[in-house]
Amino acid sequence: MLRAAVRWLERLPASGVARVRALFTTHGDFSDITPTQYDAAYTWIRETGLLAEAHSGAPLNCRVFDAAMARSGVPWFQDADLLVRRPDELPEDALRTAETLGLTPDEAYAQVNTVWGKVDTEQRSRIGSAGELALLKLLSESAEGRVEHVAAWSDGYGYDIFVDAYQHSAHLEVKTTVRVGRLTVYISRNEYETMLRDPAWELVTVRLTPELKLRSVAAVPKGWIAENVPSDRTPRGRWESCRLDVPPEVPVPGIPSVAPMLAEKAPAVLRGQPVP
């Protein structure tokens, strides 16, 4: 089906669907693939959005490989950044797909990195927004004071949610995940420097279910963050963002900075107890 997808994409820019289908079903040069497989391949390239990229400058076999990886659903792909560090670590299914499309292991490795980066960025954006909104709603219902979603109007504050009550304030930078066995957060230089100068700043991790329902919240201690971010070694080099892989024993359940501002009947999850 992958070879059939490449053939469709090669010929569709110059001919209509009916004409290309007739070519595939009547010309002997294309009889190595069945009409059913050609039809399945056409449906697949339409569903994956490859048809909309018919005039892309990227090689066809790379585009088809990217789509196959992004939609494969294989368990290793979401952790490809950790599991696949070199071409010789590519799983067998990726190597078979690459071979079918005429890609070398080095080319396949480069494409896996590209696709994983795009998918990871899109998922982090979608999941991150869901986590912020879920926590914002919960705090608005549970904190006895003012709750503001400052990230909705500016990303320059260095945090996402402001809570203020009873002469207490909390400036919450929210990081969200749906994974159970791994917590990876990305922190910007602005967020880190805000942490250093703002005693009310706190990094809160929100764990959602696959259906994007809030499961638990926890806080990552500032000291741990400071010990694990990169260091600028010279005035000519400066990190602007970094990834932190947080061990499971590090986060503190609940949100300590918000605890003094919670109503008596606030949900247990804000006090460090997971949602059943």
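Everything below is about the structure printed above this text.
Here is a short report on the structure shown in this document. (Residues numbered from 1 in each chain as written. Predicted model: local features only at pLDDT ≥ 70, side-chain atom pairs only at ≥ 80, totals over all residues. Heavy atoms only, no water.)

## Comments concerning the overall build of the chain
In step 1: For the chain, the count of helices and strands is nine helices and eight strands.
In step 2: Counting only C-alpha atoms and orienting by the principal axes, one finds that the chain spans roughly 80 × 45 × 30 Å.
In step 3: The 276 residues of the chain split such that 44% are buried.
In step 4: Look at the contacts in the chain between residues 6 or more apart in sequence, and 62% of them connect residues 24 or more apart. (Helix = DSSP H or I, 4+ residues; strand = E, 2+ residues; numbered from the N terminus. Buried < 20%, exposed > 50% of the residue type's maximum accessible area, 1.4 Å probe, protein only. Contact = heavy atoms within 4.5 Å.)

## Side note on helix α4 (residues 60-70)
In step 1: Counting buried residues along α4, eight of its eleven residues qualify, which places the element largely inside the surrounding structure.
In step 2: Buried within α4 are the following residues: C62, R63, V64, F65, D66, A67, A68 and M69.
In step 3: Tucked into the core, α4 has its buried residues touching α1 (2-11), α3 (35-47), α6 (92-100) and α7 (105-142).

## Details of α3
In step 1: Counted at 1.5 Å a residue, the expected span for α3 with its 13 residues is 18 Å, and the 18 Å between its end C-alpha atoms agrees.
In step 2: Those residues of α3 that sit buried are Y38, A41, Y42, W44 and I45. All buried residues of α3 project into a common sector of 165° when viewed along the axis, lining one side. For α3, the exposed residues set more than 90 degrees away from the buried face come down to T36 and E47.
In step 3: Contacts made by the buried residues of α3 are with α1, α2 (17-26) and α4.
In step 4: Phi turns positive, to about 90°, at G49, one or two residues after α3. (Expected span 1.5 Å × (residues − 1). Arc of directions from axis to C-beta.)

## Details of the packing of α1 against α3
In step 1: Contact pair α1 / α3: the axes reach a minimum separation of 8 Å and the direction vectors enclose 70°. The orientation of α1 relative to α3 falls into the category roughly perpendicular. The way α1 lies across α3 gives a crossing that is right-handed. On the side of α1, the interface is formed by L2, A4, A5, R7, W8 and L9, while α3 contributes Q37, Y38, A41, Y42, W44 and I45.
In step 2: Among the residues making up the contact of α1 with α3, the classes are represented as ten nonpolar, one polar and one charged. (Axes fitted to C-alpha atoms, helices over the stretch in contact; angles between N-to-C directions. Parallel < 35°, antiparallel > 145°, perpendicular 65-115°, else oblique. Left-handed = near helix turned anticlockwise from the far one by under 90°. Nonpolar A, V, L, I, M, F, W, Y, C, P; charged D, E, K, R; others polar.)

## Considerations on unusual backbone geometry
In step 1: Here the phi dihedral of L212 falls at roughly 65°; this positive angle occurs in a residue that is not glycine.
In step 2: One can find L212 in the loop between β5 (201-208) and β6 (214-220).

## Comments concerning the environment of A68
In step 1: Looking at where A68 falls in the secondary structure, it is placed in helix α4.
In step 2: Sequence separation of A68 and W44 is 24 residues, and the distance between their C-alpha atoms is 9.6 Å.

## A closer look at the packing of aromatic side chains
In step 1: If you walk through the whole model with that rule in mind, you get seven aromatic pairs.
In step 2: On the numbers, 5.3 Å between centres and 65° between planes, the contact of F24 with F30 is edge-to-face.
In step 3: Where F24 meets Y38, the ring centres are 4.2 Å apart and the plane angle is 15°; that geometry is what we call stacked. Of this pair, F24 sits in helix α2 while Y38 sits in helix α3, placing them 14 residues apart in sequence. (Phe/Tyr/Trp six-rings, centres within 6.5 Å; stacked < 30°, edge-to-face > 60°.)

## Description of the packing of α4 against α7
In step 1: The contact between α4 and α7 brings their axes to 9 Å, and the two run at 55°. In terms of axis orientation, α4 runs oblique to α7. Handedness of the crossing formed by α4 with α7: right-handed. Only A108, Q111, V112, V115 and V119 of α7 make contact with α4, whose side of the interface consists of C62, F65, D66, M69 and A70.
In step 2: Its residues assigned to classes, the contact of α4 with α7 shows eight nonpolar, one polar and one charged.

## Structural notes on the environment of L212
In step 1: For L212, a relative accessible area of 28% translates into the label partly exposed.
In step 2: As for L212 and T177, which are separated by 35 residues in sequence, their C-alpha atoms are 9.4 Å apart.

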